[in-house]
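Residue-level listing of the chains:
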Amino acid sequence: MRNANEKRNNDNFIMLPTVDFCFKELMKNPKVRKGFIAALLRKDPSLIRKTTLIPTELRKESEDDKLGILDVLIEMADGTKMNMEMQVAYFEYWINRVLYYISKVYSGQIKTGDSYDTLKPYIHVSILDFIHFPHDTKCCRKIAFCDTENGKQYTDLMEIYILELKKLPAEDQNEAGIIRWMRFLGGKSRKEFEDMAKKDEYIEEAYNELKRLSLDEQKRMEYELRQKAVRDYNTQIKSAEKRGIETGRHEALKQVVGHMLDDGKSENEISGLIGCGLDEVIRLAEEWRKENNIIS
């Protein structure tokens, strides 16, 4: 066991924050939470008082969602709740699920008999390692309810922050705040983390936490299992998409073959015209005839 531990200590392994398991573990550190929240809200860290991590289970959007999403739910000293999610793979209906989850958390604050004035602000933070807004280069944005005529904010009771890691600009020596945190969260090597840790005491704490997590055998096992689960899920999705494309191609070719047969062309001629092997054309022709009750 000692040899195994020594080997792992020397293999230069470091967890990556883009794996949601690692991100959630990082946010268990109060100083890391304070630094990130202060940067996000553009406040001095000294103004961020106590933040409490609220336990969340591995959340599933439906019974068919075996992977689930690991999120971080925080309550701040003034009662404001903040939910954070790290999402690496492209998610087509991200807006829909964010709004769905916001409504659940916000409405869940109020109990039977409570007054509406007991409702506290709620902030949702999406940290995305894919392009969500493809028509601009803005990597960090705040979204709130506004008057569409004059742009005046209607309420601060609900806010959404979208951080797109793929849109980070070229590194600037003087960059700070949430951009610096985004660069850390999107880091891919120990050297990158080390360099960033020298510039900010809160990011230094996050890097130290990364090192502690990476040396913990149990945490590393959980991290690797989570990586595997995400990788397997993405492979299954790509495989299903590929099957769908292949099915679509097959159906389209079958219709082309059918129309050419109707025009009196032979299977040999069709093979030459559409660039498919004769055997494939014959199979497609047979399927088309059966579906259309045509006796050859």
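Predicted model only: the values in this text are computed from it and were never measured.

1. Some words on the packing of helix H6 (residues 190-197) against helix H7 (residues 201-215)
- Their axes nearest at 8 Å, the elements H6 and H7 cross at an angle of 145°. When you trace H6 past H7, the crossing you get is left-handed. Contact with H6, carried on its side by Arg190, Phe193, Glu194, Met196 and Ala197, involves Ile203, Glu204, Tyr207, Leu210 and Lys211 of H7 and no other residues of that element.
- Residue classes in the contact of H6 with H7 are distributed as six nonpolar, no polar and four charged.

2. Digging into the side chain of Arg97
- Relative to the elements of secondary structure, Arg97 occurs in helix H4 (residues 94-107).
- At a separation of 2.9 Å, a polar atom in the side chain of Arg97 contacts the side chain of Glu85.

3. Concerning the pairing of strand S4 (residues 122-128)
- Taking burial as the measure, the seven residues of S4 include seven buried ones, the bulk of the element.
- Burial of S4 is two-sided: the residues Tyr122, His124, Ser126 and Leu128 facing one way and the residues Ile123, Val125 and Ile127 facing the other way are all buried.
- Here strand S3 (residues 81-87) pairs with S4 via seven bridges, running parallel. Looking at the pairing, Glu85 lines up with Ser126 of S4.
- In terms of handedness, the path from S3 via H4 over to S4 forms a crossover that is right-handed.
- For S4 and strand S6 (residues 153-164), the ladder comprises seven bridges, and the chain directions are parallel. Its bridge partner lying in S6, Ile123 is registered against Glu159.

4. A closer look at unusual backbone geometry
- The backbone phi angle of Arg42 is positive, close to 55°, even though this residue is not glycine.
- Position of Arg42 among the secondary structure elements: in the loop between helix H3 (30-41) and strand S1 (51-54).
- Assessed through its relative accessible area of 80%, Arg42 is described here as exposed.

5. Comments concerning the sheet that holds S3
- Ordered in space as S1-S2-S3-S4-S6-S5, the six strands form an open sheet in which the pairing is mixed. The sheet terminates laterally at S1 and strand S5 (140-146), the two strands that pair on one side only. If you compare each strand with its neighbour and ignore which way they point, the axes differ by 20° on average.
- The sheet contact formed by S5 and S6 spans seven bridges and is antiparallel. From the neighbouring strand, Lys142 faces S6, where its bridge partner is Tyr161.
- Seen against the sheet, H3 touches S1, strand S2 (71-76), S3, S4 and S6 and runs at an angle of roughly 95° to S3.
- Sheet strands touched by helix H5 (residues 177-185): S3, S4, S5 and S6. Its angle to S6, the strand with the most contacts, is close to 40°.

6. Regarding the pattern of salt bridges
- Under the definition given, this model contains 23 salt bridges.
- A salt bridge links Asp195 to Lys198; the shortest N-O distance between them is 3.9 Å.
- The exposure class assigned to Asp195 is partly exposed, which follows from its relative accessible area of 29%.
- Taking the relative accessible area as the measure of exposure, Lys198 reaches 69% and is therefore exposed.
- Salt bridges sharing common partners tie together Asp136, Arg141, Glu164 and Lys167.

7. Things to note about the nonpolar core
- Among the nonpolar cores identified, the biggest contains 49 residues, and Met84, Trp181 and Phe184 are the most heavily contacted of them.
- It is H3 that provides the largest number of residues to this core, a total of seven residues.
- What Met84 contacts, discounting residues up to four positions off in sequence, is Phe23, Met27, Phe36, Ile37, Asp71, Val72, Ile74 and Val125.
- Ranked by size, the runner-up nonpolar core spans 13 residues in total, among them Val98, Tyr101, Val105 and Tyr122.

8. Describing the packing of H5 against H7
- Following both chains from N to C, one finds H5 and H7 inclined at 15°, their axes separated by 11 Å at the closest point. Relative to H7, the element H5 is oriented roughly parallel. Crossing geometry of H5 relative to H7 is assigned as right-handed. Touching Arg180, Trp181 and Phe184 of H5 are Tyr202, Ile203, Ala206, Tyr207 and Leu210, all from H7.
- Classifying every residue of the contact of H5 with H7 gives seven nonpolar, no polar and one charged.

9. Side note on the packing of aromatic side chains
- For the structure shown, the criterion picks out five aromatic pairs.
- Aromatic pair Phe13 and Tyr223: ring centres 5.8 Å apart, planes at 75°, arrangement edge-to-face. A residue pair is termed long-range when its members are at least 10 positions apart, and Phe13 in the loop between helix H1 (2-9) and helix H2 (20-26) and Tyr223 in helix H8 (residues 217-262) qualify at 210 residues. The pair formed by Phe13 and Tyr223 is uniform in burial state, with each residue classed as buried.
- Looking at Lys31, its charged tip hangs above the ring of Tyr202, at a distance of 5.5 Å from the centre.
- For Arg97, the ring lying beneath its charged end belongs to Trp94, and the centroid distance is 4.5 Å.

Scoring rules and cut-offs
- Residues numbered from 1 in each chain as written.
- Predicted model: local features only at pLDDT ≥ 70, side-chain atom pairs only at ≥ 80, totals over all residues.
- Heavy atoms only, no water.
- Axes fitted to C-alpha atoms, helices over the stretch in contact; angles between N-to-C directions.
- Helix = DSSP H or I, 4+ residues; strand = E, 2+ residues; numbered from the N terminus.
- Left-handed = near helix turned anticlockwise from the far one by under 90°.
- Contact = heavy atoms within 4.5 Å.
- Nonpolar A, V, L, I, M, F, W, Y, C, P; charged D, E, K, R; others polar.
- Polar contact = N/O pair within 3.5 Å; in protein donor to acceptor, adjacent residues only side chain to side chain.
- Buried < 20%, exposed > 50% of the residue type's maximum accessible area, 1.4 Å probe, protein only.
- Pairing = 2+ DSSP bridges.
- Right-handed = clockwise from strand over helix to strand, strands pointing away.
- Salt bridge = Lys/Arg side-chain N within 4 Å of Asp/Glu carboxyl O.
- Core = buried A, V, L, I, M, F, W, Y, C linked by side-chain atoms within 4.5 Å.
- Parallel < 35°, antiparallel > 145°, perpendicular 65-115°, else oblique.
- Phe/Tyr/Trp six-rings, centres within 6.5 Å; stacked < 30°, edge-to-face > 60°.
- Lys NZ or Arg CZ within 6 Å of the ring centre and 35° of its normal.

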